[in-house]
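# Coordinate analysis (summary)
Here is what each chain is made of, one letter per residue.
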Amino acid sequence: MTEPTMRIGKILIDEATISRRVAELGGIITEQYRGQPLVVLAVLKGSFVFAADLLRAIDTPLAVEFVGLRSYLGGSTSTSGVVEITPDVKYPLGGHHVLVDEDIVDTGLTLDYLIKNLATRNPLSVRIAALLHKPSRTLKPIPIDYLGFEIPDEFVIGYGLDYDGRYRNLPHIAVLQPDDEQLALFPTP
Ligand code: PRP
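Conventions we followed
Residues numbered from 1 in each chain as written. Predicted model: local features only at pLDDT ≥ 70, side-chain atom pairs only at ≥ 80, totals over all residues. Heavy atoms only, no water. Salt bridge = Lys/Arg side-chain N within 4 Å of Asp/Glu carboxyl O. Helix = DSSP H or I, 4+ residues; strand = E, 2+ residues; numbered from the N terminus. Buried < 20%, exposed > 50% of the residue type's maximum accessible area, 1.4 Å probe, protein only. Core = buried A, V, L, I, M, F, W, Y, C linked by side-chain atoms within 4.5 Å. Contact = heavy atoms within 4.5 Å. Pairing = 2+ DSSP bridges. Right-handed = clockwise from strand over helix to strand, strands pointing away. Axes fitted to C-alpha atoms, helices over the stretch in contact; angles between N-to-C directions. Phe/Tyr/Trp six-rings, centres within 6.5 Å; stacked < 30°, edge-to-face > 60°.

The next point concerns the pattern of salt bridges. This structure, assessed with the given rule, holds nine salt bridges. The salt bridge involving aspartate 153 is made with arginine 137; its shortest N-O contact spans 3.9 Å. Here aspartate 153 is found in the loop between strand S7 (146-150) and strand S8 (156-157), whereas its partner arginine 137 is found in the loop between strand S6 (125-133) and S7, with 16 residues between them in sequence. The class for arginine 137 is partly exposed, based on a relative accessible area of 22%. One network of salt bridges, in which partners are shared, links Asp106, Lys134, Arg137 and Asp153.

Let us now look at the nonpolar core. In a soluble, globular protein the nonpolar side chains are often hidden away together inside. Counting 24 residues, the largest nonpolar core has Ile18, Leu54, Leu99, Leu131, Leu132, Tyr159 and Ile173 as its most contacted members. Every element with two or more residues in this core is listed here: helix H1 (15-33), strand S2 (38-44), helix H2 (48-56), strand S5 (97-105), S6 and S7. Among the elements that line this core, the one with the most residues is H1, at five residues. Membership of the second largest hydrophobic core comes to 18 residues, among which are Val43, Val89, Leu118 and Ile142.

Note that alanine 51 resides in helix H2. Beyond its immediate chain neighbours, meaning those up to four positions away, alanine 51 contacts Ala42 and Asp101.

Once that is clear, we can look at the pairing of strand S3 (residues 63-70). Bridge analysis of S2 against S3 gives six bridges, and the strand direction is parallel. From the neighbouring strand, valine 43 faces S3, where its bridge partner is valine 67. Where the polypeptide runs from S2 across H2 and back to S3, its parallel neighbour, the crossover connection is right-handed. Summarising the sheet, S3 and strand S4 (residues 84-85) pair through two bridges and their orientation is antiparallel. By the bridge assignment for S4, arginine 70 is matched with glutamate 84.

This brings us to the sheet that holds S7. Paired through backbone hydrogen bonds, the strands of a sheet run either parallel or antiparallel to each other. Here six strands make up an open sheet; going across it, the order is S4-S3-S2-S5-S6-S7 and the pairing mixed. At either end of the open sheet lies a strand with only one pairing partner, and these are S4 and S7. Against the sheet, H1 engages S2, S5, S6 and S7, with an angle of about 160° to S7.

A sheet is described by the order of its strands in space; here three strands give the open sequence S1-S9-S8, paired in antiparallel fashion. Looking at the sheet topology across the chains shown, the edges are occupied by strand S1 (6-13) and S8. Here two bridges tie S8 to strand S9 (residues 173-178), and the two strands are oriented antiparallel to one another. Paired with valine 156 across the two strands is valine 175, which belongs to S9.

Bringing H2 into the picture now. Buried within H2 we find Val49, Phe50, Ala51 and Leu54. Turning to H2, the residues buried within the fold contact H1, S2, S5 and S6.

The next subject is the packing of aromatic side chains. Ring pairs (aromatic) are described by centroid distance and by the angle formed between their planes. In the structure shown here, the tally under the stated rule is one aromatic pair. Ring plane angle 85° and centroid distance 6.0 Å describe the contact between phenylalanine 155 and tyrosine 163, whose orientation is recorded as edge-to-face. Tyrosine 163 matches phenylalanine 155 in its accessibility class, with the two residues each being buried.

As structure tokens, then:
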């Protein structure tokens, strides 16, 4: 059976709430790393919006790097479980604290893979900043040092998160839901 057509559903976290929390996290991270060599490693693509805001809320010198990790295949709302590295980190991480910046921790498979991979590059430390966490979906527990919000098990879009490549530009976090016609085709019992 093909997946139903999807559309933007209710707003789960609005723009102002995200902005307040990101500012709080930036303040905490600033105190943690002040005067220390820091690389913020943003996991593409989903974290690019969160990273852009979080970086500007951190008031201590840092370098920014990007790594491409992909575990969801187009048009799917569940992880494939296979993590693919697209652009890799070029910056030498040895002698630096690494702060991984993720939009969402769902099963934890992506970060479990990345954390093990980073350990081979001899960083001073690796910590995790994640905007969203779905604890009910955990397969690999990830220690999230700086968490924006815990969310229920709903497929979310916006603020960098996509469905099939779309909706990353929404300023808030919304729930993805089947459109009304499709709801009629797939009625809930
Ligand atoms: C999303 C998200 C995380 C990962 C989390 O990436 O950005 O990297 O899934 O899922 P997990 O905890 O179950 O591993 P996605 O594969 O959708 O790619 P994208 O960031 O390019 O949208």
